[in-house]
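Observations on the model geometry
This is what each chain is made of:
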Amino acid sequence: LMPFFFFSIHSGSRSSKTFKPKKNIPEGSHQYELLKHAEATLGSGNLRMAVMLPEGEDLNEWVAVNTVDFFNQINMLYGTITDFCTEESCPVMSAGPKYEYHWADGTNIKKPIKCSAPKYIDYLMTWVQDQLDDETLFPSKIGVPFPKNFMSVAKTILKRLFRVYAHIYHQHFDPVIQLQEEAHLNTSFKHFIFFVQEFNLIDRRELAPLQELIEKLTSKDR
């Protein structure tokens, strides 16, 4: 099994291009064990089962490990198409003609600003990275408790990461096919959707830009 964790890019110069540095879970830690468990169960091919909380595990920790993993996956997927997502090609951050996103993070940028897709995704991934690197939010040491607001932060991260999938599907699906990344994108997104559905992490309205695709990807597994 490698579909989730390795993306082969065919043009040599970009063999391991990610948009942002990969976020590593420390080897030997409990979270690393959980990640290995996730990889092993994904290999079984049953995604509904693979996303379920393993017996005896802490929900916050399971959500944390998977959130880091989805960040890394989207980071790599977007890294493959950055040449196609430019100020000229994507002057606004959109997911089809009906959905446009304006950026605000509540601290540095309080009032939502309209910006290009590459700028928006840069803001978004930098913001996510800052959350993941914050030890008070995403504690990596055993025994350090998760904060009370952890789940609401995780939901915001996942809601925003969804928008990158939505932008890629709506605006850049042709280059994804040219790069033969379609299976990787679909597998990654399907895993993401099953995970957020399992724990009700993203409001249904937020998923509307890819509703048809979600129905198609999940209907076979009901």
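Residues numbered from 1 in each chain as written. Predicted model: local features only at pLDDT ≥ 70, side-chain atom pairs only at ≥ 80, totals over all residues. Heavy atoms only, no water.

Put simply, the test is: UniProt positions are given in the numbering used here, feature names are shortened, and annotations may be inferred rather than shown by experiment.
Going by the annotation in an unreviewed UniProt entry, the name recorded for the protein is MOB kinase activator 1B, with Callithrix jacchus given as the source organism. Quoted verbatim from the Sequence similarities (unreviewed entry) field of UniProt, the annotation for the protein is "Belongs to the MOB1/phocein family."

Here's the deal with the nonpolar core
To keep things clear, this is the line we draw: Put simply, buried Ala, Val, Leu, Ile, Met, Phe, Trp, Tyr and Cys residues joined by side-chain atoms within 4.5 Å make one nonpolar core. Think of it in three bands: residues with accessible area under 20% of the maximum for their type are buried, residues over 50% are exposed, and the middle band is partly exposed, with areas taken using a 1.4 Å probe on protein chains only. Each helix is a run of H or I in the DSSP string that is no shorter than four residues. Each strand is a run of E no shorter than two, and both are numbered from the N terminus. Contacts are assigned to residue pairs with any non-hydrogen atoms lying within 4.5 Å of each other.
Grouped together as the largest cluster of nonpolar side chains are 68 residues, with contacts concentrated most on L161, F162, Y165, F189, F192 and L210. Mapped by element, the contributors of at least two residues to this core are helix 1 (30–42), helix 2 (47–50), helix 3 (59–81), helix 4 (117–132), helix 5 (150–171), helix 7 (182–198) and helix 8 (211–219). The leading source of residues in this core is helix 5, at twelve residues. When residues no more than four places from it in sequence are discounted, the contact partners of F192 are F70, L158, L161, F162, Y165 and I202.

What to know about helix 1
Here is the rule we go by: Multiplying one less than the number of residues by 1.5 Å gives the expected span of a helix. Note that the arc is computed from the directions linking the helix axis to the C-beta atoms.
When the terminal C-alpha atoms of helix 1 are compared, their 18 Å separation across 13 residues agrees well with the 18 Å that a helix rising 1.5 Å per residue should span. Here helix 1 has its buried residues at Q31, Y32, L34, L35, A38, E39 and L42. Each buried residue of helix 1 lies within a common arc of 160° when the element is viewed along its axis, so the set occupies one face. The secondary structure elements touched by the buried residues of helix 1 are helix 2, helix 3 and helix 7.

Quick notes on the environment of T126
Here T126 shows up in helix 4. Taking relative accessible area as the criterion, T126 reaches 29% and is therefore assigned partly exposed. In this structure, the C-alpha to C-alpha distance between T126 and K20, residues 106 residues apart in sequence, is 7.8 Å.

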